[in-house]
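Coordinate analysis (summary)
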Amino acid sequence: MARSRRAKLGEVTQDADGVTASVTDRASGRRYTVRARYLIAADGHRSPLRLALGIRTRGRRLAHVVNIAFEANLGAALRGRPVGLAYLARPVPGTLLARLDGADRWVLMVPYDPERGEGPADFTPERCAADIRAAVGVPDLAVRVLPAVPGTGRAVHTWELASWVAEEYRRGRILLAGDAVHVMLPSGGLGANTGIQDVHNLAWKLAAVLQGRAGAGLLDTYEPERRPVAELTCALSTRLQEERAGAGGEDAAARVGRLALGLGYRYDSEAVVADGEDGLGESGRPGTRAPHLDLVRDGRACSSIDLYGPGFTLLLGPAAAADALPAPDRCVAGDGCLEVLRIGREVADPSGRWAAAHGVGSSGAVLVRPDGFVVWRTPVWHPGTARELSGALARVLALPRPSVAAGR
Ligand SMILES: Cc1cc2nc3c(=O)[nH]c(=O)nc-3n(C[C@H](O)[C@H](O)[C@H](O)COP(=O)(O)OP(=O)(O)OC[C@H]3O[C@@H](n4cnc5c(N)ncnc54)[C@H](O)[C@@H]3O)c2cc1C
C-alpha cells in the first residue's frame, strides 16, 4: 500500500499475471500506474479495497466514538492513583479516558449515536471541554482541547467500537491484512499486534513465491493460519472489555488468555506438518512458535528465536546422527533455503534444555519456518527422516515432491 499522506490508491484491477493499480500523488495530483504480481491491502478498517472486492465481514458494530485529545492537570481528581486507562460512566456510559504521556496529555473517548442525529460536528471545543469536565468530575477544571490530528484544526477524531472479522483474507492476487480484515475492541491492545502478525506471516511466504522458492499454493495457507487467530482475538478482547466495564475489573484467567493468545496459538494448515501419535512433547509442536531458549552462537549469547530466518532452519539435537545431514544445495527449494545448525556444534546449549523445550529427544530434529514457527520435528534423526524432511519442505513450499534424497 502506498503511503497515504503522499499517494492515494485508486482503482485496482487484476488478471492472471498480476495487479494494476492507479495511484495519485497527493501533492502534485499526478496520476500513474503501478503494476505488481501481488498487492497487500493494509488500508485500514474502512478498507476501500475490501469494499471494492465485495468482501463481507462478520461480527458486531457496537458504537461510534469520538476521541478528544486534551491537556489538563488531573492530579486532584486522581488523588495519587496511577491511571493508564479508566472506564467512566460520564458524560455517557462507555466513556474511556486514556493517558497520552506521563504528564498532562490525555484522550477522552466518548460514544455518540448517529441514529439519534448525533455526529462529530456536535463536538465543538466548548462541548468537548464540558464533556471532559463531566468525565473527570471537576466542574471548573482548567482544560485545553488539542487538535485530534496534529497539524489539523479538527477537534475530534472518530472511530467505531466494533468487533468483526472479514469472511475472506484473499481475493486472487490481493491479500488483505490488519484492520482491513479484523477490528477488535481496544481492550487488551491487540489490534495492531494482530495486524503485524498478519504481515509477519505473509511476508516470508510472498518473498518465497516471488523468488521462485515456493509455489503460489503457499499463499493459500495465509488465511487458514491468520483468520482463526483474529476470530479468537476478537472474542478475547470482547470478554476483556465486558470485564473491565463491569465492577470486577480484569480477572486473572483473562490475563493468562491474553498472553496465550498473543504468543501461544497453533497454526493448522498445509504450511505445517502435524505430529502423529509418537509421544512427542507439547512444547515445540508443529504450528506453534518455536520456544525461546538461551543459547550461545559464535561465542555470543543469543535467543533460539534469533536463529530463525531468512530461510528455513533445521536444528539437530546433540546426539543426532551426523552421517544423515541434509545437503542444502540439494534441498528442494534451492540454494540457501535451509540452514542446518547442530546443538553442541554450531550452537551451544548451556542449560541442556534444548531437547525438552522442543519436545524431542537429544537425537531429534526440528524444522523452523522463517517466521519462527515449527514446521516439522522428529524424535530421532536418521537417513530416513532426512528424506522425510525433504518431503515436508516440498509440501510446505507447495513444490513438487523431490525425486532426490536429501541424505548424503
Ligand atoms: C482507541 C484505540 C486504541 C487502540 N489501542 C491499541 C493498542 O493499545 N494496541 C494495539 O495493538 N492496537 C490498538 N488499537 C488498534 C490499532 O490502532 C489498529 O489495529 C491499527 O492501527 C491498524 O493498523 P492498520 O495498518 O491495519 O490500519 P490503519 O492504521 O488504519 O492504516 C491504514 C492506512 O491506509 C491508508 N489508506 C486507506 N485507504 C487508502 C488509499 N486509498 N490510498 C492510500 N492510503 C490509504 C489510511 O490512510 C491509513 O493510513 C487501538 C485502536 C483504537 C481505536
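See above for the structure.
Here's what I pulled together on the structure shown here. Just so it is clear, the model here is predicted, and its values are computed rather than measured. (Residues numbered from 1 in each chain as written. Predicted model: local features only at pLDDT ≥ 70, side-chain atom pairs only at ≥ 80, totals over all residues. Heavy atoms only, no water.)

**Regarding the pairing of strand β1 (residues 7-14)**
Every other side chain in a regular strand lies on the same face of the sheet, so the side chains alternate between the two faces. Taken together, the six bridges between β1 and strand β2 (residues 19-25) define a ladder with antiparallel strand orientation. Its bridge partner lying in β2, L9 is registered against V23. Counted along the chain from β1 to the antiparallel partner β2, the turn is four residues long. (Pairing = 2+ DSSP bridges. Helix = DSSP H or I, 4+ residues; strand = E, 2+ residues; numbered from the N terminus.)

**Focus on the sheet that holds strand β17 (residues 338-342)**
A sheet is described by the order of its strands in space; here four strands give the open sequence β17-β16-β19-β20, paired in mixed fashion. Every other strand in the sheet has two partners, leaving β17 and β20 (374-378) as the edge strands with one partner each. Shown here is a sheet whose adjacent strand axes are inclined to one another by a mean of 15 degrees, direction ignored. In this sheet, β20 lies alongside strand β19 (residues 365-368) in antiparallel orientation, the contact comprising four bridges. Paired with V368 across the strands is V374, a residue of β20. Docked against the sheet, helix α8 (residues 383-396) engages β16 (312-316), β17, β19 and β20, running at close to 165 degrees with respect to β20. (Axes fitted to C-alpha atoms, helices over the stretch in contact; angles between N-to-C directions. Contact = heavy atoms within 4.5 Å.)

**Some remarks on α8**
Owing to its 3.6 residues per turn, the α-helix aligns residues three or four sequence positions apart on the same side. An ideal rise of 1.5 Å per residue puts 20 Å on 14 residues; α8 measures up with 20 Å between its terminal C-alpha atoms. Among all positions of α8, only T385, A386, L389, S390, G391, A392, L393, A394 and V396 are buried. Residues of α8 that are buried sit in contact with β16, β17, β19 and β20. After α8 finishes, the residue A398 shows a positive phi value of roughly 55 degrees. (Expected span 1.5 Å × (residues − 1). Buried < 20%, exposed > 50% of the residue type's maximum accessible area, 1.4 Å probe, protein only.)

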